[in-house]
Amino acid sequence: MACNPEVLKHVPLFALLDEDETAVLAGQVEVKKFAPRQRIYKIGDPGERAYVMVSGMVRVSTVDQDHQEVVVDEPAHGEFFGFASMLEGTPHQTNAVAMEETVCLEVDRHDIATLLQRKPLAGMDMLTVLGRQFHASQQLVRLRAMRNANEVIEREATFGERIADIVAGFGGSWTFIISFLVSLVAYTIVQVLLGPRGWDPYPFILLNLILSMLAAIQAPVIMMSQNRQDTKDRLRGELDFDVNRRAEVEIQGLARKLNHLTDKLGDVEDLLRSNLAPL
């Protein structure tokens, strides 16, 4: 079916084209209709054509390393899908399925080549929109990526925070307690044995000064480490929330598929009953 140039004006990829460029492209593209649950293309199909949404609903998905379906996009009116594979001339890396009765514009490399031959500056307009799509894909990857909480915490830690963790870890260990206790006992015994000749006779004023300075320095360091531990707990909580939310989405997807299979089985059962009824 021929394409109306007015339809192309609502497509972000072609929104920046002028009237002549739009008319040229409208003479090249075709209008395609898809039935509900009809597959438009699948992973591995030749990426010879791309599609632009006119009406209906399409779900574009892929499969991750855990063999889980990941919904990449649900293009709205005027948005496109399958464009990168078409331009690159490589097989599709996603599946596209019409969720309801859908009308799309079918565009191939020849259509784009004809447009660029007649209107070379149209390429910059299309590159601008493709750049936005690329950034959106990067954001999806960042959201999907599984992050190790410990790696994130260590990567973001400053030098001072690392020192605070080391000091707090050593100060709260039995090694520090035993060694510090032995040092105090040894210091006290030496001063008692030396008597008035010692550098810090009883009541050990120098020792009290050292202990006060040590406590004054150690307390804020321990507080810094505690604050950092709170930050770690909060980050771990956020990462756990992301994982749980992703798991919830996957469970909902499985529920939708089970409901769809149930409906299909019901349709098959009704069909069998209708065919067997005359017998």
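Higher on the page you've got the structure.
In what follows, the accompanying structure is described.

Calculation notes
- Residues numbered from 1 in each chain as written.
- Predicted model: local features only at pLDDT ≥ 70, side-chain atom pairs only at ≥ 80, totals over all residues.
- Heavy atoms only, no water.
- Salt bridge = Lys/Arg side-chain N within 4 Å of Asp/Glu carboxyl O.
- Helix = DSSP H or I, 4+ residues; strand = E, 2+ residues; numbered from the N terminus.
- Pairing = 2+ DSSP bridges.
- Core = buried A, V, L, I, M, F, W, Y, C linked by side-chain atoms within 4.5 Å.
- Buried < 20%, exposed > 50% of the residue type's maximum accessible area, 1.4 Å probe, protein only.
- Axes fitted to C-alpha atoms, helices over the stretch in contact; angles between N-to-C directions.

### As for the pattern of salt bridges
One pass over the structure, following the stated rule, counts four salt bridges. Notably, a salt bridge pairs Arg 59 with Glu 74, separated by 3.2 Å at the nearest N-O pair. On the criterion of sequence distance, the pair formed by Arg 59 in strand S4 (residues 58-63) and Glu 74 in the loop between strand S5 (69-73) and strand S6 (80-81) is long-range, its members being 15 residues apart. Several salt bridges share partner residues, and in doing so they unite Glu 48, Arg 49 and Glu 106 into one network.

### Some thoughts on the pairing of strand S3 (residues 49-55)
Across six bridges, the pairing between S3 and strand S8 (residues 102-108) is antiparallel. Pairing of Met 53 across the sheet is with Cys 104, part of S8. When S3 meets S6, the two strands line up antiparallel, connected through two bridges. Bridging across to S6, Val 52 finds its partner in Phe 80.

### Observations regarding the nonpolar core
Formed by 18 residues in total, the largest nonpolar core has its most connected members in Leu 8, Phe 14, Val 52 and Phe 83. At the level of elements, helix H2 (19-26), S3, helix H3 (83-88) and S8 are the ones that each hand at least two residues to this core. Per-element tally for this core: the top contributor is S8, with three residues. Of all hydrophobic cores here, the second largest spans 11 residues; its members include Tyr 41, Tyr 51, Met 53 and Phe 81.

### Let's talk about the sheet that holds S5
Strand order in the open sheet formed by four strands is S2-S7-S4-S5, with antiparallel pairing between adjacent strands. On the outer flanks of this sheet lie strand S2 (39-41) and S5, each paired with one strand and no other. Between one strand and the next, the sheet's axes are offset by a mean angle of 35°, whatever the strand orientation. Where S2 meets strand S7 (residues 95-98), two bridges bridge the pair, whose relative direction is antiparallel. In the strand pairing of S7, Arg 39 is matched with Val 97.

### Details of the pairing of S4
Across four bridges, the pairing between S4 and S7 is antiparallel. Bridge assignment links Val 58 to a residue of S7, and that residue is Ala 98. Where S4 lies against S5, four bridges are found, and the strand directions are antiparallel. Paired with Val 63 across the two strands is Glu 69, which belongs to S5.

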